[in-house]
Amino acid sequence: MSSNLTLSREDIVRLCERVEGAQTRAYAIPKLTDEYPDMTIADGYAVQSELRRRFIAKGHKLVGWKAGLTSKAKMQQMGVSVPSIGFLTDRMARPESSAISTSDLVHPRVECEVAFVMKETLQGPGCTAADVLAATDYVLPAVEIIDSRFSGFKFDLASVIADNGSSARFVGGGRARYVEDLDLRTLGVVMEKNGEIVTLGASAAVLGHPAEAIAMLVNILAELGENLPAGSFVMSGGITEAIPVKPGDSIVARFQELGSVSMRFVE
Ligand code: OOG
Ligand code: MG
């Protein structure tokens, strides 16, 4: 990845500070490519890695990773064509059935995902879906609350990656299951907002099989010089499009075989 870097070290630090400000103080910023039109995906990951280092230096704990833009619905919604990854910290986790504040978010949206908890460390390149399934302790249903910090949802892949894939909050819940007891390609999911179905899908929407998305994530991590440690919590990517939420909304995501995950949003 480093071969396609166009940003200097000073630019990377500058953009990291810009993204960190938008994330921690919840304000929208223009997409980074307005100022750096030649920004590459490698540049995006350089900014994201700098952000990860800063959060860890401030005491945030890395709990796992997420794959993003792994379904056609999401790629179309976001106008991009390649998947991406982002990191997850303990500060982003919220308990099931809790009230989630929106005052510290910019444009919150919710999406249904299958989450994996790993029992063995995985190292790319060359990681396959079979390797992922063999290294998985269990899977559980999750809702990711993404929050693009870019104004007017105008962005491109390099900017989204620098913004850590819009990662903001996540909620795991439902019923944990062993992968050998499920067919992960055919799980139906339904998302309800305030009691009405707002979107639905099937887990095959994620690269044909959610384990494929985790394999892709492990192979991107290898390019960043990282592995996927045992014990990691990993989200495999939105199965459905992301649905906007505001204070007063309540969300229930119902997953076939995995139970449901719920939360409500407050000021
Ligand atoms: C990028 C985040 C993508 C997913 O699951 O596809 C993502 C965005 O839509 O802002 O988390
Ligand atoms: Mg997601």
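Since the structure is predicted, the reported quantities are computational estimates derived from the model, not experimental observations. Along each chain, the written sequence defines residue order, and numbers are assigned to residues from 1. As a convention, the first chain written is A and the first ligand written is 1, with the rest following in written order. Restriction of local features to residues with pLDDT of at least 70 applies here, the model being predicted, together with a cutoff of 80 or more for giving and counting side-chain atom pairs; totals for whole chains, interfaces and linings are based on all residues. Computation of side-chain values: all heavy atoms of the structure, hydrogens and water removed.

1. As for the packing of helix α1 (residues 9-25) against helix α2 (residues 41-57)
(1) Moving on: The geometry of α1 relative to α2 is characterised by a closest axis approach of 9 Å and an angle of 60° between their N-to-C directions. The two elements α1 and α2 cross, and the hand of that crossing is right-handed. Across the interface between the two elements, Arg 9, Ile 12, Val 13, Leu 15, Cys 16, Glu 17, Val 19, Glu 20, Gln 23 and Thr 24 of α1 pack against Ala 46, Val 47, Glu 50, Leu 51, Arg 53, Arg 54 and Phe 55 of α2.
(2) Moving on: When grouped by side-chain class, the residues that make up the contact of α1 with α2 number 9 nonpolar, 2 polar and 6 charged. Axis angles are defined between N-to-C directions and span 0 to 180 degrees, where every axis is a line fitted to C-alpha atoms and, for a helix, only to the segment in contact. By definition, any uninterrupted DSSP run of H or I lasting at least four residues is a helix, any uninterrupted run of E lasting at least two residues is a strand, and each is numbered from the N terminus. Left-handed describes a crossing whose near helix is turned anticlockwise from the far helix through less than a right angle; right-handed describes the clockwise counterpart. Whether two residues touch is decided by their heavy atoms; if any such pair falls within 4.5 Å, the residues are in contact. Think of it as three bins: nonpolar holds Ala, Val, Leu, Ile, Met, Phe, Trp, Tyr, Cys and Pro, charged holds Asp, Glu, Lys and Arg, and polar takes everything else, Gly as well.

2. A closer look at the coordination of the magnesium ion (ligand 2)
(1) Moving on: The magnesium ion (ligand 2) binds to the protein through Glu 111 (OE), Glu 113 (OE) and Glu 144 (OE); the donor distances cover 2.0 Å.
(2) Moving on: Nitrogen, oxygen and sulfur within 2.8 Å of a metal are treated as its donors, or within 3.2 Å for sodium, potassium and calcium (Na, K, Ca); water is not counted, so a site can appear incomplete. Read from N- to C-terminus, the donor residues coordinating the magnesium ion (ligand 2) fall into the pattern E-x1-E-x30-E. Note that Glu 111 is positioned in strand β4 (residues 108-118) and Glu 144 in strand β5 (residues 136-147), a separation of 33 residues in sequence. Side by side, Glu 111 and Glu 144 carry an identical accessibility label, which is buried. Only protein chains enter the accessibility calculation, which uses a 1.4 Å probe; a residue is then buried when its area is under 20% of its type maximum, exposed when over 50%, and partly exposed in between.

3. Digging into the UniProt feature "domain: Fumarylacetoacetase-like C-terminal" (unreviewed entry) in the chain
(1) Moving on: With numbering aligned to this structure, UniProt lists the feature "domain: Fumarylacetoacetase-like C-terminal" (unreviewed entry) at residues 95-265.
(2) Moving on: In residues 95-265, helix accounts for 16% and strand for 37%; the two terminal C-alpha atoms are 13 Å from one another. UniProt positions are given in the numbering used here, feature names are shortened, and annotations may be inferred rather than shown by experiment.

4. Observations regarding empty space enclosed by the protein
(1) Moving on: Put plainly, a pocket is an open set of points on a 1 Å grid over the protein atoms alone with protein on both sides within 12 Å along at least five of seven lines, a cavity is a set where a 1.4 Å probe fits but cannot get out, and a lining residue has an atom within 4 Å of a point. Grid points are joined across faces, edges and corners, and a volume is the space filled by probe spheres set on the points. The final tally for this structure, using the stated rule, is 1 cavity of 30 Å³ or more.
(2) Moving on: Its boundaries defined by the atoms lining it, the largest cavity holds a volume of some 160 Å³.
(3) Moving on: Lining the largest cavity are 18 residues, with Leu 69, Lys 74, Ile 146, Gly 165 and Ser 166 sitting closest to its centre.
(4) Moving on: Elements with a contribution of two residues or more to the lining of the largest cavity: β1 (62-68), α3 (72-78), β4 and β5.
(5) Moving on: Looking at the lining of the largest cavity, its residues break down into 6 nonpolar, 6 polar and 6 charged.

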